[in-house]
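Fold and contact review
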Amino acid sequence: MATPAQARIDLDAIRFNVAMLKERARGAELMGAVKADAYGHGLVPAAGAVLEGGASRLGTAFVREALALRAGGVTAPILSWLLTPDEPLDEALRADVELSASDPGLLGEIAAAARRTGITAKLHLEADTGMSRGGCPLAGWPELLDAALELRAEGVVEIVGLWSHFACADIPGHPSIGRQLEEFETALKLAEQVGAAGSHVIRHIANSAAIMTLPAARYDLVRPGIAMYGLSPIPELGDFGLRQAMTLVARAGLVKRVPEGSGVSYAHLYTTERETTLGLVPLGYADGILRHATGRAEVLAGGRRRTIAGRVCMDQFMIDMGDDPLSAGDEVVLFGPGDGGEPTAQEWADTLGTITHEIVTRIGSRVPRVYERRSSG
Ligand SMILES: *Cc1c(COP(=O)(O)O)cnc(C)c1O
């Protein structure tokens, strides 16, 4: 390892996880969510593995992410679902990026771009079935459908998909789940009645959690994200046989003996109880190691778990090795699949009171992603 730290990405694990999700989707198409740099795993290489695993489409939040995939040579259909005013829509259409609309205003912007470029926009209409985030509330849905149909008649847009998103799919049995499915059915029926649905229009609502627990939510396409990276969408129900793709490692920098009573790092939140060996790990909060991990999160060093000793700093934190050996350059594993005794990303998330999505997406740009194929499936 020529860098102080790296995130090793097992592309075979991603491929394996996607194939498993595809199997669970029972014939539905799979759109891999690769937003946020493929959840921190590296956009283009991860997307390649996702497609190899059996995804036929990719999804990103922003248009710029979709354009980066195109620039990286990805030719599969891509949907960008988080449109804000003044996005580079002309570029999106020229790059054959499909767009989502949840409101007549943004639909108008898409139509304008289509007219400017002379390219028919491929449209996914998003219904708000109860999450109250993106999506068109059902009260405005008929109006949005009408606007889209008018534009379709002009040849300005083509309606490719009708979709929505769950608020609580990771809380099995939550009453909102059934209600959202009913609302989605209503939205689809309205679309059918006015001729905006049909066999060529794909219906989609399921994220990773829904794929695992809600067969009724598969429709024509599923949109997994977190599970593709081998992280459980519902940790309470176990790991579903997924394989964690990311292993975060660093090389110990300075290693030194210090006397008993040494205050370690900012604010001296940790004090050595006796003479001991301290190791410096060159990863800090600027790299996504939450400052909140101070005194809480564990790493694997010298074959044993060590708790972060004292404050996590911007670029580094310390570990207390006791009398165990550690040399500068030795590998310290922050998290990985757990095979070697290292903590998993799930353990980090549990320790820090967050979700694995946040653990892996926060790993910063100073940490190179290194791609491996551990081939296990
Ligand atoms: C992020 C996202 C997904 C994937 O969600 P996971 O919970 O990671 O599976 C699917 N659809 C949309 C619209 C998203 O924003």
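Residues numbered from 1 in each chain as written. Predicted model: local features only at pLDDT ≥ 70, side-chain atom pairs only at ≥ 80, totals over all residues. Heavy atoms only, no water.

Some words on the UniProt feature "modified residue: N6-(pyridoxal phosphate)lysine" (unreviewed entry) in the protein chain
- Listed under "modified residue: N6-(pyridoxal phosphate)lysine" (unreviewed entry) in the UniProt record, and renumbered for this structure, are Lys35.
- You can see lysine 35 is positioned in helix 2 (residues 35-40).
- For lysine 35, a relative accessible area of 26% puts it in the partly exposed group.
- Beyond its immediate chain neighbours, meaning those up to four positions away, lysine 35 contacts Gly59, Thr60, Ala61, Glu65 and Trp81. (UniProt positions renumbered as here; feature names shortened; annotations may be inferred. Helix = DSSP H or I, 4+ residues; strand = E, 2+ residues; numbered from the N terminus. Buried < 20%, exposed > 50% of the residue type's maximum accessible area, 1.4 Å probe, protein only. Contact = heavy atoms within 4.5 Å.)

A look at the domain arrangement of the protein chain
- Domain boundaries assigned for the protein chain yield domain 1 (11-230) and domain 2 (246-372).
- For domain 1 and domain 2, the distance between their C-alpha centroids amounts to 38 Å.
- Taken together, the 10 residues of domain 1 in the interface contact 8 residues of domain 2.
- For the pair domain 1 and domain 2, the number of links is 0 salt bridges.
- Where domain 1 packs against domain 2, one counts 3 residue pairs in polar contact (both at pLDDT 80 or more).
- The set of elements that each furnish at least two residues to the side of domain 1 that touches domain 2 consists of helix 1 (11-24) and helix 2.
- Broken down by element, the residue count for the side of domain 1 that touches domain 2 peaks at 4 residues, all from helix 2.
- Looking at side-chain class alone, the side of domain 1 that touches domain 2 contains 5 nonpolar, 3 polar and 2 charged residues. (Domains from an automatic or database assignment. Salt bridge = Lys/Arg side-chain N within 4 Å of Asp/Glu carboxyl O. Polar contact = N/O pair within 3.5 Å; in protein donor to acceptor, adjacent residues only side chain to side chain. Nonpolar A, V, L, I, M, F, W, Y, C, P; charged D, E, K, R; others polar.)

Details of the packing of aromatic side chains
- All told, the structure shown has 4 aromatic pairs when counted by the stated rule.
- Ring plane angle 90° and centroid distance 5.1 Å describe the contact between phenylalanine 184 and tyrosine 219, whose orientation is recorded as edge-to-face. Taken together, the residues span a long stretch of sequence, with phenylalanine 184 in helix 8 (residues 175-193) and tyrosine 219 in the loop between helix 9 (208-213) and strand 10 (221-222) at a distance of 35 residues. This pair shows no difference in class: phenylalanine 184 is buried, exactly as tyrosine 219 is.
- Arginine 243 extends its terminal NZ or CZ atom over the ring of phenylalanine 16, reaching a point 3.5 Å from the ring centre. (Phe/Tyr/Trp six-rings, centres within 6.5 Å; stacked < 30°, edge-to-face > 60°. Lys NZ or Arg CZ within 6 Å of the ring centre and 35° of its normal.)

What to know about the nonpolar core
- Core analysis: the largest hydrophobic core is formed by 127 residues, its most contacted members being Ile14, Val34, Trp141, Phe317, Leu334, Phe335 and Trp348.
- By size, the runner-up hydrophobic cluster in this structure holds 5 residues, among which are Val258, Val264, Leu278 and Leu280. (Core = buried A, V, L, I, M, F, W, Y, C linked by side-chain atoms within 4.5 Å.)

Concerning the site of the ligand
- In the vicinity of the ligand, 14 residues are found, and the nearest of them are Lys35, Tyr39, Ser208, Gly225 and Ile226.
- At 2.6 Å from an oxygen atom of the ligand is found a side-chain nitrogen or oxygen belonging to lysine 35.
- Within the contact set of the ligand, an oxygen atom lies 3.3 Å away from a side-chain nitrogen or oxygen of tryptophan 81.
- Notes on the ligand: free accessible area 390 Å², of which the protein chains cover 91%.
- The residue makeup of the shell around the ligand, split by class, is 6 nonpolar, 5 polar and 3 charged. (Near = heavy atom within 4 Å. Areas by Shrake-Rupley, 256 points an atom, 1.4 Å probe, with all protein chains shown as cover.)

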